[in-house]
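Survey of secondary and tertiary structure
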Amino acid sequence: MTQNSYFTLGYIKHAHGIRGEVFATFLLNDEKLLDQVFEQGITLRKGNIQKKYVIEEMKPHKEGFILALEGLETRNEAELLKGFEWIYPSEYFTSAPGENIYLHEILGFEVWDKNKRVGIIKSFASTKFQDLLSVEDEMGLIYDIPLVKNFVKDINFVDKKIVMDLPQGLTHEV
């Protein structure tokens, strides 16, 4: 999660081609959100600089997208956007009961393995295969815990707590 109630969707990696297109990574696998982003445009931020663009064309490419943005006509213009983060208002990332959660909704939650506290969710990562929670214990050790349905027993948004049934050895035993 980023400051000012925006969520980072991805990053502009580099210019693509000679007509002002950019290659952007996309951190989420959410087609509904992609459609929404395409309609509303793209907001890019780097430091204190924030720019909004209309997306003229968006096509899948490798682990991201090639974007044609209104107003970008040359490779030199596109190269100036390298390193900008692709942000989106966090209010669009709130799940309803029964829906799949957005990972940022559980940042800071306590993780419990049955009745033993493991630690606090500090960050997360998404891969093609699963989401990983980076959980820090009381001693500062970090565990990457797969967020898979078979492990999750309960997510309590009121108490900010996730109860899991983790395989032996995934976290250290005290």
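Cut-offs applied
Each chain has its residues counted from 1, running along the sequence as written. At least 70 in pLDDT is required for a residue's local features to be given in this predicted model, at least 80 for side-chain atom pairs to be given and counted, and no such filter applies to totals for whole chains, interfaces and linings, which use all residues. Values shown for side chains rest on all heavy atoms present in the structure; no hydrogens or waters enter the calculation. Residue types Ala, Val, Leu, Ile, Met, Phe, Trp, Tyr and Cys, when buried and joined through side-chain atoms within 4.5 Å, form a set referred to as a nonpolar core. Burial classes follow relative accessibility: with a 1.4 Å probe on protein chains only, a residue under 20% of its type's maximum area counts as buried, one over 50% as exposed, and anything between as partly exposed. Under the DSSP-based scheme used, a helix requires at least four consecutive residues in state H or I and a strand at least two consecutive residues in state E, with every element numbered from the N terminus. Centres within 6.5 Å make a pair out of two Phe, Tyr or Trp rings, where for Trp the six-membered ring is used; the pair is then stacked when the planes are under 30 degrees apart, edge-to-face when over 60, and tilted otherwise. Two strands are said to pair when DSSP picks up at least two bridges between them. Between the N-to-C directions of two axes lies an angle of 0 to 180 degrees, each axis being a line fitted to C-alpha atoms and, for a helix, fitted only over the stretch in contact. Two residues qualify as a contact provided that any one of their heavy atoms is within 4.5 Å of a heavy atom in the partner residue. Each patch is built from residues lacking any salt bridge and having more than 30% relative accessible area; the joining distance is 9 Å for like charges and 5 Å for nonpolar side chains (Val, Leu, Ile, Met, Phe, Trp, Tyr). In short, Shrake-Rupley with a 1.4 Å probe defines the accessible areas, and a residue's cover is counted only from the protein chains shown. Take a side-chain nitrogen of Lys or Arg and a carboxyl oxygen of Asp or Glu: if they are within 4 Å of each other, that pair is a salt bridge. Under the counting rule used here, the positive set is Lys and Arg, the negative set is Asp and Glu, and His together with the chain ends is not counted. A single reference atom marks each charge: NZ on Lys, CZ on Arg, CG on Asp, CD on Glu.

Things to note about the nonpolar core
The nonpolar side chains of a soluble globular protein tend to be buried with one another. By size, the foremost hydrophobic cluster in this structure holds 26 residues, and its most contacted members are Leu 9, Leu 44, Leu 67, Leu 69, Leu 81 and Trp 86. Taken together, the elements giving at least two residues each to this core come down to strand S1 (6-16), strand S2 (21-25), helix H1 (31-40), strand S3 (42-46), strand S5 (55-61), strand S6 (64-69) and strand S7 (85-89). Residue contributions to this core peak at four residues, all from S1. Within the second largest apolar cluster, 15 residues are counted, among which are Ile 106, Ile 121, Val 135 and Leu 147.

As for the packing of aromatic side chains
According to the stated counting rule, one finds four aromatic pairs in the structure shown. Where Phe 7 meets Phe 124, the ring centres are 6.5 Å apart and the plane angle is 10 degrees; that geometry is what we call stacked. Of this pair, Phe 7 sits in strand S1 while Phe 124 sits in strand S9 (residues 116-126), and the two are 117 residues apart along the sequence. Judged by relative accessible area, Phe 7 falls into the buried class, the value being 6%. Assessed through its relative accessible area of 23%, Phe 124 is described here as partly exposed. For the pair Phe 109 and Phe 157, a centre-to-centre distance of 5.6 Å together with 75 degrees between the ring planes defines the contact as edge-to-face. Pair noted here: Phe 109 is in the loop between S7 and strand S8 (110-113) and Phe 157 is in the loop between strand S12 (152-156) and strand S13 (161-164), with a separation of 48 residues, a long-range link.

Describing the sheet that holds strand S4 (residues 49-53)
Taken in spatial order, the seven strands make up an open sheet running S4-S3-S7-S1-S2-S6-S5, and their pairing is antiparallel. In the strand order of this sheet, the two ends are held by S4 and S5, each with one partner. Ignoring which end each strand starts from, the neighbouring axes of this sheet average 35 degrees apart. In this structure, S1 lies alongside S7, joined through five bridges in antiparallel fashion. Each bridged residue has a counterpart across the sheet, and for Phe 7 the counterpart in S7 is Tyr 88.

As for the environment of Lys 13
With respect to the element layout, Lys 13 can be found in strand S1. Taking C-alpha positions, Lys 13 is 5.7 Å from Phe 23, a pair spaced ten residues apart along the chain. Apart from the residues within four sequence positions on either side, Lys 13 is in contact with Phe 23, Ala 24, Thr 25 and Lys 82.

Digging into a negative patch on the surface
Negative charge collects at one region of the surface, where Glu 56, Glu 70, Glu 73 and Glu 77 lie side by side. Note on placement: Glu 73 falls in the loop between S6 and helix H2 (75-79).

What about the side chain of Thr 171?
Looking at the element boundaries, Thr 171 is found in the segment after S13. Judged by relative accessible area, Thr 171 falls into the buried class, the value being 10%.

A short note on the pairing of S7
Most of S7 sits inside the fold, with four of its five residues counted as buried. Both S3 and S7 contribute to a ladder of three bridges, which runs antiparallel. The partner of Arg 45 across the bridge, within S7, is Glu 85.

Quick look at the pattern of salt bridges
Counted according to the given criterion, the structure contains eight salt bridges. The partner of Glu 79 in a salt bridge is Arg 75, with the nearest N and O atoms 3.0 Å apart. With Glu 79 and Arg 75 both in helix H2 and four residues apart, this pair spans about one turn of that helix. A salt bridge links Asp 165 to Lys 114; its shortest N-O distance comes to 2.8 Å. With Asp 165 in the segment after S13 and Lys 114 in the loop between S8 and S9, the pair connects residues that are 51 residues apart, well separated along the chain.

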